[in-house]
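Structure at a glance
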Amino acid sequence: MEKVERFSSRWALLLAALGMAIGAGNIWRFPRLAGQYGGAFLIPWIIFLFLWSIPLLMVEFSLGRKTRKGVIGTFSGVMGPRYAWMGGFVALCTMAIMFYYSVVTGWALRYFLVAITGKLSVMDHGRAWQQFITSNQPIFFHLVALLIGSFIIYRGISQGLEKANRILLPTLIFLLIVGIFRALTLPNAAVGLDYFFNIRTEHLLDYKVWLEGLSQSAWSTGAGWGLILTYSVYMREKEDIVLNSFITGFGNNSASLLAGLAIIPTLFSLMPTLEAAEEALRVGNDGLSFIVIPQLFNQLPGSAFFSSVFFLGLSLAALSSLIAMLELSTRIVMDFGFSRKKALPWVAGVTALLGLPSAVSYKVFQNQDWVWGLGLILSGSFFTFMVIRFGVLKFRKEFINVVKGDLTAGKWFDVVVKYLIPIEALTLIVWWLYRSMEWNPQGWYNPLQTDSLGTCIFQWVLAIGLLLLLNGMIVKKLHRKRA
Amino acid sequence: MQLTSIITMIIILLTVWGGLFYFIGKAYLREKSE
């Protein structure tokens, strides 16, 4: 029988949880939105930390500790076998993200390697980016990123995850601090800081800014993805759920602020005009990271060094989240009775294969990012549905406030989970789908359109339909393993 | 940099980073007492 794996300490668990939460989104998405909307964006972003992320983190931490199963086993165990498909959807959503996230990690690794050789400073970045993503190189780097992540997960919790996160996270924080020192010592850095923290009334009263704040909080902390649930399968029995959730949530937001302080002043200092800086913030996540930022670093003395620092930071942030997704998938296979050593090669093989379309085609990558990124909001609402069905008060007493002397979740948790999160989830899904109709006024229903409403609904329905069809078989295999 | 931006920056950084260090401190004390 395989030895029960556990994190060696609370700090090891927290480092892993923070590594999971702090990903590419903190570095390439948060500064983009914070630069666009300034202090008015930061207010909802902090508020929704309490009204979405932290309560869902508490739900996930407590579920993993109680059930000691991955997402499918947990949904089946807590809600009953008929609902295993819901866990299946959460798993599928995060795994679909993992397939292209490995590609993104590969992009960052490749740019880091080019940066340390000094070749990044002589490139025409727009053209170089286009040439790169249409070449075969993303396939190679996707496989390299996957190989590194798989090696870490193959070694298990204490030898793999713990050791990797002990290096990844502190290095990332150090690199961000180096970036901040450079950014804040540039001429006109204060202009960027002003954009970052200035609360403009028109933005504060704009509902879009509030929904962007909620979206960022939902996506960035990893709450509702099933990743924290997976890590907490390995947490020690005596752990403080509420305290760990607050540290994970605040830690994620702290890292986002570090990234913002490194990137926004650099952008506003080195762009020729304010309009050009504002325009650069609207080019999209990868456009900002792989085209605009290398162009800006070119203007600095020691550009190779600062580009290397940036892309190493991006690579480490992405890798620490990729390994969490690999662990989620491996845990699920292990729940069906396989050992880690047998489960991981399967997970890595499937990821290598299903990541290929995103590595080959940028449109497929964009499509998957759109469909499953929004799918995460549905995943979060499935967790909430589970708690509401179980009884919010009962859940709080039997799952969260269990160990005497720990911080406890109060009645606020009941209100947020029972009323606010379902409303937030519904609002977000309707808003993003409505926005996609604005992006594609002619072909919004077309399932073959990259970011249409049609493609989203089509892929969700297909996934849920398949999972419902296979529900009986999944449950039978889970129970056969238990027997 | 405008005064309001400086005040907002201080409040945001104190809230987020202060919150993080407060909870880490609490966790540290709990670990120490066990």
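Residues numbered from 1 in each chain as written. Chains lettered and ligands numbered in written order. Predicted model: local features only at pLDDT ≥ 70, side-chain atom pairs only at ≥ 80, totals over all residues. Heavy atoms only, no water.

1. Let's talk about the packing of aromatic side chains
All names here are of chain A. For the coordinates displayed, the defined rule picks out 47 aromatic pairs over all chains. Aromatic pair Phe7 and Tyr231: ring centres 6.0 Å apart, planes at 80°, arrangement edge-to-face. With Phe7 in the segment before α1 (10-21) and Tyr231 in helix α12 (residues 227-232), this pair connects stretches of sequence that are 224 residues apart. By relative accessible area, Tyr231 is classed as buried at 0%. Between the aromatic rings of Phe395 and Phe399, the centroid separation amounts to 4.5 Å while the plane-to-plane angle is 10°, which identifies the pairing as stacked. (Phe/Tyr/Trp six-rings, centres within 6.5 Å; stacked < 30°, edge-to-face > 60°. Helix = DSSP H or I, 4+ residues; strand = E, 2+ residues; numbered from the N terminus. Buried < 20%, exposed > 50% of the residue type's maximum accessible area, 1.4 Å probe, protein only.)

2. Quick notes on helix α2 (residues 24-37) of chain A
Residues and elements named next belong to chain A. Helix length check: α2, at 14 residues, gives a terminal C-alpha distance of 20 Å against a target of 20 Å (1.5 Å per residue), a fit within 8%. Along its length, α2 reaches its greatest deviation from straightness, about 30°, at Phe30, and the proline Pro31 lies no more than four positions downstream. Burial analysis of α2 places 13 of its 14 residues in the buried class, which makes it a mostly covered element. Directly beyond the C-terminal end of α2, a positive phi value near 65° is found at Gly38. (Expected span 1.5 Å × (residues − 1). Bend = angle between axes of the 7 residues up to and from the residue.)

3. Quick word on a nonpolar patch on the surface
A cluster of nonpolar side chains, contributed by Met1, Leu3, Ile6, Ile7, Ile10, Ile11 and Leu14 of chain B, occupies part of the molecular surface with about 660 Å² of accessible area. Summarising the element assignment, Leu14 of chain B is placed in helix α1 (residues 3-33). (Patch = residues over 30% accessible without salt bridge, like charges linked within 9 Å, V, L, I, M, F, W, Y side chains within 5 Å. Areas by Shrake-Rupley, 256 points an atom, 1.4 Å probe, with all protein chains shown as cover. Salt bridge = Lys/Arg side-chain N within 4 Å of Asp/Glu carboxyl O.)

4. Some thoughts on the pattern of salt bridges
Tallied over the entire structure, the rule returns 14 salt bridges over all chains. Among the salt bridges present, the one from Arg10 of chain A reaches Glu31 of chain B, with a minimum N-O distance of 3.0 Å. Note that Arg10 of chain A is positioned in helix α1 and Glu31 of chain B in helix α1, a pairing that runs across two chains. With respect to class, Arg10 of chain A is no different from Glu31 of chain B; both count as buried. One continuous salt-bridge network, built from bridges that share partners, spans Arg10, Arg236 and Glu239 of chain A together with Glu31 of chain B.

5. Overview of helix α6 (residues 125-133) of chain A
Residues and elements named next belong to chain A. Within α6 the residues assigned to the buried category are His125, Ala128, Trp129, Phe132 and Ile133. The arc that holds the buried residues of α6, viewed along the axis, is 120°, so those residues lie on one side. Considering only its buried residues, α6 is in contact with α5 (84-116), α7 (137-154), α15 (285-298), α17 (340-360) and α18 (362-390). (Arc of directions from axis to C-beta. Contact = heavy atoms within 4.5 Å.)

6. Here we look at the interface of chain A and chain B
Contact residues are listed per partner, giving 27 residues for chain A and 21 residues for chain B. When the two sides are added together, the surface that chain A and chain B hide from each other amounts to roughly 2200 Å², 72% of it contributed by carbon and sulfur. If you sort the residues of chain A by the area they bury against chain B, Trp11, Phe197 and Phe250 of chain A come out on top, with a joint share of 25%. Counting the contacts that link chain A with chain B gives three salt bridges. Note that Arg236 of chain A is salt-bridged to Glu31 of chain B, the shortest N-O span being 3.5 Å. At the surface where chain A touches chain B, the tally comes to five residue pairs in polar contact (both at pLDDT 80 or more). When residues of the side of chain A that touches chain B are assigned to their parent elements, the largest contribution, ten residues, is made by helix α13 (residues 241-270) of chain A. For the side of chain A that touches chain B, the per-class residue count stands at 16 nonpolar, five polar and six charged. (Buried area = accessible area lost by both parts, 1.4 Å probe. Polar contact = N/O pair within 3.5 Å; in protein donor to acceptor, adjacent residues only side chain to side chain. Nonpolar A, V, L, I, M, F, W, Y, C, P; charged D, E, K, R; others polar.)

7. Things to note about the environment of Ile464 of chain A
All names here are of chain A. On the secondary structure map, Ile464 appears in helix α21 (residues 453-482). On a C-alpha basis, the gap between Ile464 and Trp85 in space is 7.3 Å, while along the polypeptide they are 379 residues apart. In this structure Ile464 touches Trp85 and Phe89, once residues within four positions along its chain are discounted.

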